[in-house]
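Each chain, letter by letter, is given below.
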Amino acid sequence: MRMGRKSPETSVFPGGAAVIPCPALSALDRGAALDPACKHIPSATERLRERFYGGREHPYGTFERLIRQSVTSETLLLDAGCGRRAETLQRLAPYVKTAIGIDLVDFADDVRGSAVQVAKGDLRSIALRDASMDVVVARSVMEHLSDPDAAYAEISRVLKPGGRFIFLTPQLWDYGSVFAKLIPNRLHPFVVRKVEGRDERDTFPVQYKSNTAGAVRRLASRHGFRVETVSHLNQYPCYLMFNPALFLLGTAYELVTSRWQALCALRGWLLIALRKA
């Protein structure tokens with residue numbers, strides 16, 4: 001696979017879009033994936049993480065590896081809900097012909113100077129031409145959709161026949177999702193800032209309407225997709241890294257749910273690959 005990236009010949013945005021170069025690949029592409037939110041953690045917890053999870057691939061890395069296996073130097077790629085910094089899209093840009101990101105948020109200043117096209121937009125009404133994309137991806141986006149039918153329909157519309165939709169999203173019955181549903185959305189920014197040190201601007205209301213394998217299959221069937229793969233993934237307990245004892249408890253949960261396939265619905269993540277008919 002060629003690492004060099006061509007400049008797009010034409011824009012698939014109806015009105016065109018600003019084109020902005022791609023930085024060097026990060027440690028995530030080399031398999032040393034860490035949740036970018038987990039920065040403010042006790043040293044004891046970090047030692048425990050290294051002991052139990054050192055060398056294991058993070059679901060973010062698994063997600064990006066699957067995408068790289070699905071693209072070529074001629075691929076037109078859309079990151080649906082790319083985030084303020086479009087970090088995933090910037091890492092994938094060297095592998096494709098055109099890398100496009102859309103999101104409702106205002107893009108960070110440091111996105112300027114990257115090799116991606118970005119535009120502010122809603123997944124319920126994507127400003128792209130019909131059948132214009134080869135691959136659509138989304139990371140930690142589907143859990144926020146209040147109208148997943150509209151998003152699936154739009155993603156199907158912009159994909160070419162045979163195109164793939166690959167997404168990574170939290171599972172509904174993982175303890176992190178359960179707590180997120182129990183805690184009012186208005187308190188999420190405060191809680192996430194205290195627990196993870198994440199910027200409150202990167203916290204959004206959750207809905208969890210496309211966050212079980214069954215829900216994904218129903219939505220896919222309604223909108224012209226064939227389910228290719230459904231993977232149930234786990235990771236180290238990032239939400240509990242602020243406390244070593246709680247981290248050990250979360251590690252025990254992860255080890256048990258990873259060991260027994262019957263408990264796969266309790267794992268942290270769903271990695272889905274759909275194919276448009």
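Here is what the cut-offs are and how they apply
Residues numbered from 1 in each chain as written. Predicted model: local features only at pLDDT ≥ 70, side-chain atom pairs only at ≥ 80, totals over all residues. Heavy atoms only, no water. Pairing = 2+ DSSP bridges. Helix = DSSP H or I, 4+ residues; strand = E, 2+ residues; numbered from the N terminus. Axes fitted to C-alpha atoms, helices over the stretch in contact; angles between N-to-C directions. Contact = heavy atoms within 4.5 Å. Buried < 20%, exposed > 50% of the residue type's maximum accessible area, 1.4 Å probe, protein only. Right-handed = clockwise from strand over helix to strand, strands pointing away. Parallel < 35°, antiparallel > 145°, perpendicular 65-115°, else oblique. Left-handed = near helix turned anticlockwise from the far one by under 90°. Nonpolar A, V, L, I, M, F, W, Y, C, P; charged D, E, K, R; others polar. Salt bridge = Lys/Arg side-chain N within 4 Å of Asp/Glu carboxyl O. Core = buried A, V, L, I, M, F, W, Y, C linked by side-chain atoms within 4.5 Å. Patch = residues over 30% accessible without salt bridge, like charges linked within 9 Å, V, L, I, M, F, W, Y side chains within 5 Å. Areas by Shrake-Rupley, 256 points an atom, 1.4 Å probe, with all protein chains shown as cover.

> So what exactly am I meant to see when it comes to the sheet that holds strand E7 (residues 269–276) here?
Neighbouring strands of a sheet are bound in pairs by backbone hydrogen bonds; such pairs are parallel or else antiparallel. With mixed pairing, the 7 strands of this open sheet are ordered in space as E3-E2-E1-E4-E5-E7-E6. Among the strands making up the open sheet, the edge pair consists of strand E3 (117–120) and strand E6 (225–233). The average angle at which neighbouring strand axes cross in this sheet is 15°, direction not considered. Two strands pair when backbone bridges link them, and strand E1 (residues 76–80) and strand E4 (residues 133–139) are joined in this way by 3 bridges, in the parallel orientation. Residue pairing across strands places Asp79 opposite Val137, the latter belonging to E4. Contacts between helix H2 (residues 59–70) and the sheet are confined to E4, strand E5 (159–170), E6 and E7, with E5 contributing the most and set at about 170° to the helix.

> Sorry, what's going on with the pairing of strand E2 (residues 98–103) here?
In regular strands, side chains alternate between the two faces of the sheet. Buried residues dominate E2, accounting for 6 of its 6 residues. Going residue by residue along E2, you find Thr98, Ile100 and Ile102 tucked away on one face and Ala99, Gly101 and Asp103 tucked away on the opposite face as well. You can see the chain leave E1, run along helix H3 (residues 87–92) and come back into E2, and the turn it takes is right-handed. In this structure, E2 lies alongside E3, joined through 4 bridges in parallel fashion. The partner of Gly101 across the bridge, within E3, is Val118.

> Please explain the packing of helix H1 (residues 43–53) against helix H8 (residues 244–259) as it appears in this structure.
How two helices pack is summed up by the angle between their axes together with the distance between the axes. Closest axis-to-axis distance for the H1/H8 pair is 9 Å, and the angle between their directions is 20°. Relative to H8, the element H1 is oriented roughly parallel. By crossing handedness, the relation of H1 to H8 is classed as right-handed. From H1, Ala44, Thr45, Leu48, Arg49, Phe52 and Tyr53 reach across to H8, where they touch Pro244, Phe247, Leu248, Thr251 and Glu254. Here the residues of the contact of H1 with H8 are counted per class, giving 7 nonpolar, 2 polar and 2 charged.

> How should the pattern of salt bridges be read in this particular structure?
Two side chains carrying opposite charge are able to pair once their charged atoms lie near each other. Overall, the coordinates contain 14 salt bridges when judged by the stated rule. Of the charged contacts, one joins Asp130 and Arg157 as a salt bridge, the two residues approaching to 2.5 Å between their closest N and O atoms. Taken as a pair, Asp130 in the loop between E3 and E4 and Arg157 in helix H4 (residues 148–158) lie far apart in primary sequence, 27 residues in all. Where salt bridges share partners, they join Arg164, Arg226, Glu228 and Arg275 into one cluster.

> Can you walk me through the nonpolar core in this structure?
Side chains that are nonpolar tend, in soluble globular proteins, to be buried together. By size, the foremost hydrophobic cluster in this structure holds 29 residues, and its most contacted members are Met133, Val136, Phe165, Phe167 and Leu274. Going through the elements one at a time, E1, E2, E4, H4, E5, helix H7 (213–222) and E7 are the ones with two or more residues in this core. For this core, the element with the most residues is H4, which contributes 4 residues. Those residues in contact with Leu274, other than ones at most four positions away along the chain, are Tyr152, Gly163, Arg164, Phe165, Phe167, Val216, Ala220, Phe225, Arg226, Val227 and Glu228. The next biggest cluster of nonpolar side chains, apart from the first, holds 27 residues, and it includes Cys82, Leu92, Tyr95 and Phe107.

> Sorry, what's going on with a nonpolar patch on the surface here?
Residues Trp173, Val178, Phe179, Leu182 and Leu266 make up a contiguous nonpolar surface patch of about 510 Å² in total accessible area. Mapped onto the elements of the fold, Trp173 is located in the loop between E5 and helix H5 (175–182).

Coordinates in, geometry out; function isn't part of it.
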